[in-house]
Amino acid sequence: MGFILNLSQNTDKYAADRFHMVQYQLVNRGIHDEGVLKAMSEIPRHLFVPELYRHAAYDDCPLPIGEGQTISQPYMVAIMTQCLELKGDEKVLEIGTGSGYQAAILGRLASHIYTIERHSALASRAKTILKQAGYDNIDVIVGDGSLGLPDKAPFHGIIVTACAPHAPKSLLDQLEIGGRLILPIGNPYHQILHQMVNQEKRVEDRNILECAFVPLIGEEGWNEE
Ligand code: SAM
């Protein structure tokens with residue numbers, strides 16, 4: 001799904017950059033999920049990056065996408081996706097659509113993706129790119145993702161691409177049994193990426209690594225000020 005048709009002719013120009021990104025930033029740092037590596041080898045990340053920064057689309061860093069937000073570093077996209085351990089038939093919720101790149105990776109690896117973005121301009125841009133790329137299994141929604149999407153719950157996986165002060169109860173409540181919540185928790189100075197698994201009567205919580213994300217702003221996140 002996605003990017004099966006109509007690849008832009010610019011795509012080949014970036015093929016070597018994409019290959020190096022996968023080899024040196026992902027494989028060499030221990031990303032081993034074949035599906036994640038294949039998706040990131042094939043999906044043209046540069047199409048999700050504003051023109052001004054396109055030359056740096058495969059660099060080992062986040063990049064500005066407007067509204068004071070960023071497209072995450074490729075390694076962070078890879079490790080968060082790998083932590084979901086997708087098999088292909090799952091329903092996944094992403095909080096923080098941003099550029100739409102993470103949603104595009106998820107759209108290749110799971111059956112349906114719901115992705116929520118609080119900035120309507122970013123949501124609208126991501127929606128256009130994902131549509132042009134041929135995805136028909138990704139719904140982009142404008143709203144406060146800290147509350148999740150109760151109408152479509154439960155989810156096998158929920159991935160939050162902005163930093164929360166704590167795991168939002170709404171998101172934990174929307175996980176199926178065995179479902180995973182992947183999210184950064186912390187403050188602007190210190191954040192840890194967590195993998196939380198709903199084990200029915202308890203939540204198994206594993207620390208993955210230190211990270212740096214923009215804040216999750218919302219009812220179960222940070223205040224806008
Ligand atoms: N996943 C994105 C990508 O692939 O480009 C990167 C996302 S960026 C690091 C984090 C995003 O989370 C921003 O676009 C920000 O506006 C959004 N965000 C922050 N709080 C949110 C909330 N409560 N609901 C939905 N989106 C939120």
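Scope of this entry: the structure provided in the associated data block.

So, how was this worked out
Residues numbered from 1 in each chain as written. Predicted model: local features only at pLDDT ≥ 70, side-chain atom pairs only at ≥ 80, totals over all residues. Heavy atoms only, no water. Pairing = 2+ DSSP bridges. Helix = DSSP H or I, 4+ residues; strand = E, 2+ residues; numbered from the N terminus. Right-handed = clockwise from strand over helix to strand, strands pointing away. Buried < 20%, exposed > 50% of the residue type's maximum accessible area, 1.4 Å probe, protein only. Phe/Tyr/Trp six-rings, centres within 6.5 Å; stacked < 30°, edge-to-face > 60°. Lys NZ or Arg CZ within 6 Å of the ring centre and 35° of its normal. Near = heavy atom within 4 Å. Polar contact = N/O pair within 3.5 Å; in protein donor to acceptor, adjacent residues only side chain to side chain. 1 Å grid on protein atoms, 1.4 Å probe; cavity = no way out; pocket = protein on both sides within 12 Å on 5 of 7 lines; lining within 4 Å. Sits in = over half its atoms within 2 Å of the grid points. Nonpolar A, V, L, I, M, F, W, Y, C, P; charged D, E, K, R; others polar. Contact = heavy atoms within 4.5 Å. Axes fitted to C-alpha atoms, helices over the stretch in contact; angles between N-to-C directions.

### As for the pairing of strand β5 (residues 138–142)
Every other side chain in a regular strand lies on the same face of the sheet, so the side chains alternate between the two faces. Relative to β5, strand β4 (residues 112–117) is paired through 5 bridges, and the arrangement is parallel. Paired with I113 across the two strands is I138, which belongs to β5. Since β4 and β5 lie parallel, the crossover through helix α5 (residues 120–132) that links them has a hand, and here it is right-handed.

### Brief notes about helix α3 (residues 74–84)
When you tally the buried positions in α3, you get 11 out of 11 residues, the bulk of the element. For α3, the set of buried residues is P74, Y75, M76, V77, A78, I79, M80, T81, Q82, C83 and L84. In the stretch just after α3, E85 is the one whose phi turns positive, near 50°.

### Remarks on the packing of aromatic side chains
Using the criterion set out here, one finds 3 aromatic pairs in the structure. Look at F48 and Y101: their rings are 5.7 Å apart centre to centre, the planes differ by 65°, and that puts the pair in the edge-to-face class. Residue F48 is found in the loop between α2 (34–42) and β1 (63–66), and its partner Y101 is found in helix α4 (residues 101–109); the two are separated by 53 residues along the sequence. According to the relative accessible area criterion, Y101 is buried, its value standing at 1%. Between the NZ or CZ atom of R45 and the centre of the ring of Y101, over which it lies, the distance is 5.0 Å.

### Focus: the site of the ligand
The immediate surroundings of the ligand are formed by 27 residues, with E94, S99, E117, G145 and I217 found nearest. Interatomic distance of 3.3 Å between a backbone N/O atom of R118 and a nitrogen atom of the ligand. One nitrogen or oxygen atom from the side chain of T161 is found 3.2 Å from a nitrogen atom belonging to the ligand. At a threshold of 2 Å from the grid points, most atoms of the ligand map onto the largest pocket. Secondary structure elements with two or more residues in the shell around the ligand: β2 (69–71), β3 (91–95), α4 and β4. For the shell around the ligand, the element with the highest residue contribution is β2, accounting for 3 residues. Looking at the shell around the ligand residue by residue, the class counts come to 10 nonpolar, 13 polar and 4 charged.

### With respect to the environment of I177
If you trace the backbone, I177 turns up in strand β7 (residues 175–186). In the structure, I177 is positioned 23 residues away from P154 in sequence and 8.8 Å away in space, judged by C-alpha atoms. Ignoring any residue separated from it by four or fewer positions in sequence, one finds I177 in contact with N198 and E200.

### A word on the sheet that holds β4
Spatially, 7 strands are ordered β5-β4-β3-β6-β7-β8-β9 in an open sheet, and the strand pairing comes out mixed. Two strands close off the open sheet at either side, each with one partner strand: β5 and β9 (203–211). For this sheet, the mean angle separating the axes of adjacent strands, direction not counted, is 15°. As paired strands, strand β6 (residues 155–160) and β7 are joined by 4 bridges and run parallel to one another.

Read these as layout, nothing more, since geometry by itself doesn't imply function.
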